[in-house]
Amino acid sequence: PSSAASDVYKRQAHARTPENKQISYYLGRLAFEERRFADAILWFGKSIDQAHCEEEHYLWLGRPYGHRALEATFFLRPFLAKKVLEHFRTAVACDPEHLPARWDLMEYYVKAPKFLGGDVSRARGQAKQILQLDAAKGERAFRWITENNR
């Protein structure tokens, strides 16, 4: 369906069941795939359930903040970057065995400047945890850090 028709359908689905966090989550995924990061943040934010810690919801909330940070003005970047870090850390706290959340947090630690929470030693800590959960992915994580920490 066209983007306009898709948007109408999404809004109607959410209007029928605004309390359904899964619908908000999937609407966020659709917005993200369409590179509408501001909309994705809105939908993922609505998908957060304070009573249940859903690692996927926090992980996906952090990702569009990251894209927005890359496109933002110099003054807005730190605010957005801190949101990325906050949501990635929350995703890992929700489920310490969730490899995509650990990987994204590891990448953040390597790519972000120190004043925004970047820290290669913390990235290595995430890689170590990934290694304990999945040896092959852990080895790849350490290689990724070496290749990208220049």
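That block above? That's the structure.
The structure reproduced in this document is the subject of the present report. Given the structure is predicted, the values throughout are model-derived calculations rather than measurements.

1. Describing the nonpolar core
With 42 residues, the main nonpolar core has F44, M106, Y108 and I145 as its most contacted residues. Elements represented by at least two residues in this core include exactly α2 (21–33), α3 (37–47), α4 (55–71), α5 (77–94), α6 (99–111), α7 (120–133) and α8 (135–148).

2. Notes on the side chain of H98
Within the secondary structure layout, H98 lies in the loop between α5 and α6. Classification of H98 by relative accessible area gives buried; the value is 10%. Excluding its chain neighbours within four sequence positions, the residues that come into contact with H98 are E55, E56 and L59.

3. What about the packing of aromatic side chains?
Think of a pair of aromatic rings as described by two things: how far the centres are apart, and how the planes are tilted against each other in angle. Summed over all chains, the structure comprises seven aromatic pairs. Seen in terms of ring centroids, Y25 and Y26 are 5.1 Å apart; in terms of plane orientation they differ by 75°. Their pairing is edge-to-face. Judged by its relative accessible area of 5%, Y25 is buried. Geometrically, the ring pair formed by Y25 and F44 is tilted, given 5.8 Å between the ring centres and 55° between the ring planes.

4. So, the layout of surface pockets
The space that makes up the largest pocket amounts to roughly 580 Å³. The wall of the largest pocket is formed by 21 residues, among which G66, A69, L70, Y108 and K111 lie closest to the centre. Among the elements of the structure, α4, α5 and α6 are those that each provide at least two residues to the lining of the largest pocket. If one sorts the elements of the lining of the largest pocket by residue count, α4 sits on top with six residues. A per-class count over the lining of the largest pocket returns 13 nonpolar, three polar and five charged.

5. Comments concerning the environment of H67
For H67, the position within the fold is in helix α4. It is 9.5 Å that separates the C-alpha atoms of H67 and V84, two residues lying 17 residues apart in sequence.

6. Looking at the pattern of salt bridges
Throughout the structure, instances matching the rule amount to five salt bridges. Residue D39 pairs with R36 through a salt bridge whose shortest N-O separation is 2.3 Å. The closest approach of N and O atoms between R63 and D104, which form a salt bridge, is 2.6 Å. Taken together, the residues R63 in helix α4 and D104 in helix α6 connect sequence positions 41 residues apart. In terms of burial, R63 and D104 fall into one category: buried.

7. Description of α4
For an α-helix the count is 3.6 residues per turn, leaving residues at separations of three or four pointing the same way. For α4, spanning 17 residues, the distance from its first C-alpha to its last is 25 Å, which sits close to the expected 24 Å at 1.5 Å a residue. For α4, the elements touching its buried residues are α2, α3, α5 and α6.

8. Some thoughts on the state of the cysteines
Summed over the entire model, instances satisfying the criterion amount to one disulfide. With its sulfur 1.6 Å from that of its partner, C53 forms a disulfide with C94. Taking the sign of the torsion about the S-S bond as the criterion, the disulfide between C53 and C94, at about -65°, is left-handed. Within this pair, whereas C53 is found in the loop between α3 and α4, its partner C94 is found in helix α5, the two being separated by 41 residues in sequence.

Here is what the cut-offs are and how they apply
- Residues numbered from 1 in each chain as written.
- Predicted model: local features only at pLDDT ≥ 70, side-chain atom pairs only at ≥ 80, totals over all residues.
- Heavy atoms only, no water.
- Core = buried A, V, L, I, M, F, W, Y, C linked by side-chain atoms within 4.5 Å.
- Buried < 20%, exposed > 50% of the residue type's maximum accessible area, 1.4 Å probe, protein only.
- Helix = DSSP H or I, 4+ residues; strand = E, 2+ residues; numbered from the N terminus.
- Contact = heavy atoms within 4.5 Å.
- Phe/Tyr/Trp six-rings, centres within 6.5 Å; stacked < 30°, edge-to-face > 60°.
- 1 Å grid on protein atoms, 1.4 Å probe; cavity = no way out; pocket = protein on both sides within 12 Å on 5 of 7 lines; lining within 4 Å.
- Points joined across faces, edges and corners; volume = space filled by probe spheres on them.
- Nonpolar A, V, L, I, M, F, W, Y, C, P; charged D, E, K, R; others polar.
- Salt bridge = Lys/Arg side-chain N within 4 Å of Asp/Glu carboxyl O.
- Expected span 1.5 Å × (residues − 1).
- Disulfide = S-S within 2.5 Å.

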